[in-house]
Amino acid sequence: MDLVDAAYARAESSGFPMSCERPVGQLLAALAAGVRPGGHILELGTGAGVGVAWLVRGLGERTDVTVTSVELDPRTAAVAATQAWPSFVDLRVADACVFLPTAAGAFDLIFADAPGGKTEGLDLTIAALRPRGILAVDDMRPAADWPEDFTARQDGVRRTLVEHPHLVSVELDHGSGMVLSTRR
Ligand SMILES: C[S@@+](CC[C@H](N)C(=O)[O-])C[C@H]1O[C@@H](n2cnc3c(N)ncnc32)[C@H](O)[C@@H]1O
């Protein structure tokens, strides 16, 4: 079984319900394929490892890029860690808001998929981008079953990205609704 199928299967068998949708993953793979040799990719919120699997799929045979993924919950991180990942994948158990200040200007591509670094500490995530680095955020289209406060927080993220003076952003009606932002 390939990494992506294995990741979705792992998410299902462990009861993890928050993995990124396939269209989002496909976009992550396409973005990963464009990262420069020697570049660095970061995911905030590993979950069961679905996002990492898509990023690795995008890299194909390449081993000249690192993929770091940060997960707050040790039990969830342990689920993702059951996979044998390529050596350039670094899964860390940490709070994104603690990790990010150590990583200013370090990343070419960031998938911000955790409350830490998204609804809290989005400025830290933006600061972790290299110039010309790309930030991908999903769940930007409000869903009918979202609680009101969650909808408001997500909208705050969307607005910050679209209006940020250091970012060039586009809203995409893709997957769960995405904003892609390139750091000037
Ligand atoms: C939407 S899920 C991630 C799904 C994953 N990116 C994927 O594509 O399959 C969000 C994850 O973020 C984790 N999380 C929540 N707060 C966090 C924080 N402050 N730092 C890092 N991870 C966090 C949650 O435990 C959860 O596993």
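Residues numbered from 1 in each chain as written. Predicted model: local features only at pLDDT ≥ 70, side-chain atom pairs only at ≥ 80, totals over all residues. Heavy atoms only, no water.

Caption draft 1: Focus on the pattern of salt bridges. Going through the model one piece at a time under the given rule, you end up with 13 salt bridges. Close ionic contact of D138 with K118 constitutes a salt bridge, the shortest N to O distance being 3.9 Å. Of this pair, D138 sits in the loop between β5 (129-137) and α7 (148-163) while K118 sits in the loop between β4 (107-112) and α6 (122-127), and the two are 20 residues apart along the sequence. On the basis of relative accessibility, which here comes to 3%, the residue D138 falls in the buried class. With relative accessibility at 5%, the residue K118 sits in the buried group. Note that R158 is salt-bridged to E171, the shortest N-O span being 3.2 Å. Highlighted residues: R158 in helix α7 and E171 in strand β6 (residues 167-172), separated in sequence by 13 residues. (Salt bridge = Lys/Arg side-chain N within 4 Å of Asp/Glu carboxyl O. Helix = DSSP H or I, 4+ residues; strand = E, 2+ residues; numbered from the N terminus. Buried < 20%, exposed > 50% of the residue type's maximum accessible area, 1.4 Å probe, protein only.)

Caption draft 2: The environment of L91, seen in detail. In this structure, L91 sits in strand β3 (residues 89-93). Taking relative accessible area as the criterion, L91 reaches 29% and is therefore assigned partly exposed. Spatially, the C-alpha atom of L91 lies 21 Å from that of R22, the residues being 69 residues apart in sequence. In contact with L91, other than residues within four places in its own chain, are T46, V52, S69, A80, A81 and W85. (Contact = heavy atoms within 4.5 Å.)

Caption draft 3: Representation of the packing of aromatic side chains. Tallied over the full model, the rule gives two aromatic pairs. Judged by centre distance (6.4 Å) and plane angle (45°), the ring pair of F99 and F107 falls under tilted. An identical accessibility class is assigned to F99 and F107; each is buried. (Phe/Tyr/Trp six-rings, centres within 6.5 Å; stacked < 30°, edge-to-face > 60°.)

Caption draft 4: Broad picture of the site of the ligand. For the ligand, the set of nearby residues contains 23 residues, the closest of which are E43, G45, E71, A96 and D113. Taking D95, its side chain carries an N or O atom lying 3.0 Å from a nitrogen atom of the ligand. Interatomic distance of 2.9 Å between a backbone N/O atom of A96 and a nitrogen atom of the ligand. Split by residue class, the shell around the ligand holds eleven nonpolar, seven polar and five charged. (Near = heavy atom within 4 Å. Polar contact = N/O pair within 3.5 Å; in protein donor to acceptor, adjacent residues only side chain to side chain. Nonpolar A, V, L, I, M, F, W, Y, C, P; charged D, E, K, R; others polar.)

Caption draft 5: Representation of helix α1 (residues 3-14) within the structure. Here α1 spans 16 Å end to end across twelve residues, near enough to the 16 Å set by a 1.5 Å rise per residue. Buried within α1 are the following residues: V4, A6, A7, Y8, R10 and A11. Contact partners of the buried residues in α1: α2 (22-33), α3 (50-59) and α4 (74-80). Two or three places before V4, at the opening of α1, D2 has a side-chain oxygen 3.2 Å from that residue's backbone nitrogen. Looking at the residues trailing α1, positive phi occurs at G15, about 75°. (Expected span 1.5 Å × (residues − 1).)

Caption draft 6: Local environment of the nonpolar core. Counting 32 residues, the largest nonpolar core has I41 and V67 as its most contacted members. Looking at this core, the elements with two or more residues in it are α1, α2, α3, β4 and β7 (178-183). Looking at which element gives the most residues to this core, the answer is α3, with seven residues. Ignoring anything within four residues of it in the chain, the contact list for I41 reads A32, V35, L55, L59, V65, T66, V67, T68, F107 and L109. Core analysis: the second largest hydrophobic core is formed by 22 residues, A96, L100, F107 and L135 among them. (Core = buried A, V, L, I, M, F, W, Y, C linked by side-chain atoms within 4.5 Å.)

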